[in-house]
Amino acid sequence: MKKLLLSTVALVGMTSGAMAGGLDRSGQGTGAIFNENGATSFSFGVVNPSINAADTGTATTYSPAESYTQIGATYTREVNDQLSMTLVFDQPFGAAVNYDAPQATSSFGGTKADISTNAISMYGRYKVNGNVSVFGGLRLQQAQGDVALGGQSYNAGFAAGAAEQLIAGFFAGGGRPATLSEQVVQGAAAGNAAAVAAYDGTIAGNAALAAFLGGANPAGLNVDTAADVQTLAGASIAGGGYTVDIESSYGVGYSIGAAYEIPDIALRAAITYHSGITHDTSATEQNAIITSGAASTNDIEFETPQSINLDFQTGIAADTLLTASVRWAEWGAFDVTPARINTDLADLGDSYSYRLGVARRFSDELAGSVTLSYEDASNSGVSPLGPTDGLIGLTVGLRYETDDAILSGGVNYTIPGDADLTAGGNTFARSTDNSVVGVGFQAQWSF
C-alpha cells in the first residue's frame, strides 16, 4: 500500500505547479523519507500553461505564461532499524512570464520574469516506536532571476517616482503639499483629469516650485506639468523600461516534522515545517530615468518563504488508499526590493493549497490514482508576474511495477482563476479563460 501512494500521487507536484500560489512549483514534499531502504527515484515533468490576458485600456492581448520543465530526484538509505537518511533534489520555486507587446502601446508590454531555484535537502528520520517518527534536516537552496518591468503602466509609475523625488528635493527639510504625493502624480501620468488639475494647479500656484522644476535639477529633468511626467514616461519606454538581474546565490534553511502511522491500515499523518531561506546577493538595475540609463549594482537581501505541509493517507478498502494534503506558504513576506527602484518586485500574498486523492491497485503490476487540487483565490489584484488567482485541477496517474523498477506517469489539467493584473494599486489588465496542462514521469528502483 505504501508503494501505491508513493509512485502514483508523487507526480501531482511535478505536473500541477504552474500558476500555483506565489512562485510554488514542487510543493516541497517529504514523502520520500518513508521510502524503503535503497529506494532511488528520478522524476521529470513538462508544464504548458495557456494564460490569456488583455489590457483594460488598450487593445493589447497577451499570452504571458511560458512552458517549463521540472526535475526531481530522491535517495533513501536505512542506517539501522530506527534511523534512515534521505537525499532530495527539487526545484521548489520559479516563474517564467513574458508580456510580448510594444511598450509604447500596451500596459505591460516588455514585462517579463525568469526566476529559478534548485535545492538539495538531506533529511534524517528517527522511529521513536512502531507508530511515531520524527524527522528533520538541512536544505541548500540556489536562486537567481531576471525581471523586466515595461509598458505604459510601469513606466508612468517610474516617471511619477522621478518627479516625486525632484519635488521632495525642493522641499528637503520640510513638508510638501499632499497633492504632490506619488499617488497624485501617478494619477496625472495615467491621464486622470482630476489628478492632472490638482497637480498642475499646485505647480502653477507655487512660483518658486515651478521655477525649481522648470530650471536645472540634479537629473536634468523638467517636470513642471503633468504632460512633462508623460514625456518622462516616454523616455523610460524608449530606454527599454526597467530591468534587474539578480545574481545567483545560495542560502541554507532547515526542515522539521513528525509523523504518526498505523501500518496495518496504511494510515499516516505527517506535518512538516520548512524554514525560510535568506539570500544575500547583488542586483544590477537599469532604467533611463531611475538609473539615468547606466547600470547600477547594489546589494540585495530576500528570503524565500517559510511553509507548512500537512499530509494524510489511510486505507479505505482493500488495495485502495485515500490521500489528502494542505500546504501554506508565506509568500506575503517574500519581498524583493532592489535599491534603486526601492519597491517590492514580487508583491505576492500567502497561499493555501489543498489536495484530495484516491489511489487503487488494479493488479500486482498496475495501479492508478486520481487527485483533485484546489487553491484559494485572493479575490484582489495580482502582480503581472503571477497573472492568475487560485486554481482547481485534476491529476490522473498510472503506475506499472516490474521486478526491477516502478514506472509511473501522470497527466494534470488545471484551471487557474481569472485575475486583475495591477501595478501601483491600479488595474491595467485582466486574465481570463486560463488553463494548464502538465505531464510527468517517474522511475523508482532500489539497490
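Above this text sits the structure in question.
Cut-offs and rules
Residues numbered from 1 in each chain as written. Predicted model: local features only at pLDDT ≥ 70, side-chain atom pairs only at ≥ 80, totals over all residues. Heavy atoms only, no water. Patch = residues over 30% accessible without salt bridge, like charges linked within 9 Å, V, L, I, M, F, W, Y side chains within 5 Å. Areas by Shrake-Rupley, 256 points an atom, 1.4 Å probe, with all protein chains shown as cover. Salt bridge = Lys/Arg side-chain N within 4 Å of Asp/Glu carboxyl O. Lys, Arg positive; Asp, Glu negative; His and termini not counted. Charge placed at Lys NZ, Arg CZ, Asp CG, Glu CD. Helix = DSSP H or I, 4+ residues; strand = E, 2+ residues; numbered from the N terminus. Buried < 20%, exposed > 50% of the residue type's maximum accessible area, 1.4 Å probe, protein only. Phe/Tyr/Trp six-rings, centres within 6.5 Å; stacked < 30°, edge-to-face > 60°. Lys NZ or Arg CZ within 6 Å of the ring centre and 35° of its normal.

A.B. asks: For this particular structure, what's the right way to read a negative patch on the surface?
C.D. replies: A surface patch of negative charge is lined by Glu-66, Asp-100, Asp-114, Asp-146, Asp-245 and Glu-247. With respect to the element layout, Asp-114 can be found in strand S6 (residues 112-127).

A.B. asks: Sorry, what's going on with the pattern of salt bridges here?
C.D. replies: It is possible for side chains bearing opposite charge to pair when their charged atoms get close. Here the structure, examined in full by the defined rule, presents six salt bridges. The residue Glu-261 makes a salt bridge to Arg-268 at a minimum N-O spacing of 3.4 Å. According to the relative accessible area criterion, Arg-268 is buried, its value standing at 7%. Arg-430 serves as the salt-bridge partner of Asp-420, at 2.8 Å between the closest nitrogen and oxygen. One end of the pair, Asp-420, is in strand S18 (residues 419-423); the other, Arg-430, is in strand S19 (residues 426-446), with 10 residues separating them in the sequence. Assessed through its relative accessible area of 35%, Arg-430 is described here as partly exposed.

A.B. asks: What am I meant to see in unusual backbone geometry here?
C.D. replies: With glycine set apart, most residues show a phi of negative sign, and most peptide bonds adopt trans. Of note in this structure, Gln-28 is not a glycine but carries a positive phi near 50°. As for its position among the elements, Gln-28 is in the loop between helix H2 (12-15) and strand S1 (39-55). The phi dihedral of Ser-292 is positive, around 55°, even though this residue is not glycine. For Ser-292, the position within the fold is in the loop between strand S10 (277-286) and strand S11 (296-304). Assessed through its relative accessible area of 57%, Ser-292 is described here as exposed.

A.B. asks: Looking at this model, I keep getting lost on the packing of aromatic side chains. Mind explaining?
C.D. replies: When we look at a pair of aromatic rings, we describe it by the centre distance and by the angle of the planes. Inspection of every chain in the model, using the stated rule, returns 12 aromatic pairs. When the ring of Phe-108 is compared with that of Phe-428, the centres are 6.1 Å apart and the planes differ by 85°; the resulting orientation is edge-to-face. Of the two residues, Phe-108 sits in the loop between strand S5 (94-98) and S6 while Phe-428 sits in strand S19, which places them 320 residues apart along the sequence. For the pair formed by Phe-108 and Phe-428, the shared burial category is buried. Through successive ring pairs, a cluster of aromatic residues spans Tyr-62, Tyr-99, Phe-108, Tyr-154, Phe-158, Tyr-242 and Phe-428. Across from the ring centre of Tyr-68, 3.5 Å away, lies the NZ or CZ of Arg-25, which sits over that ring. Sitting over the ring of Phe-34, Arg-268 keeps its end group 3.8 Å from the ring centre.

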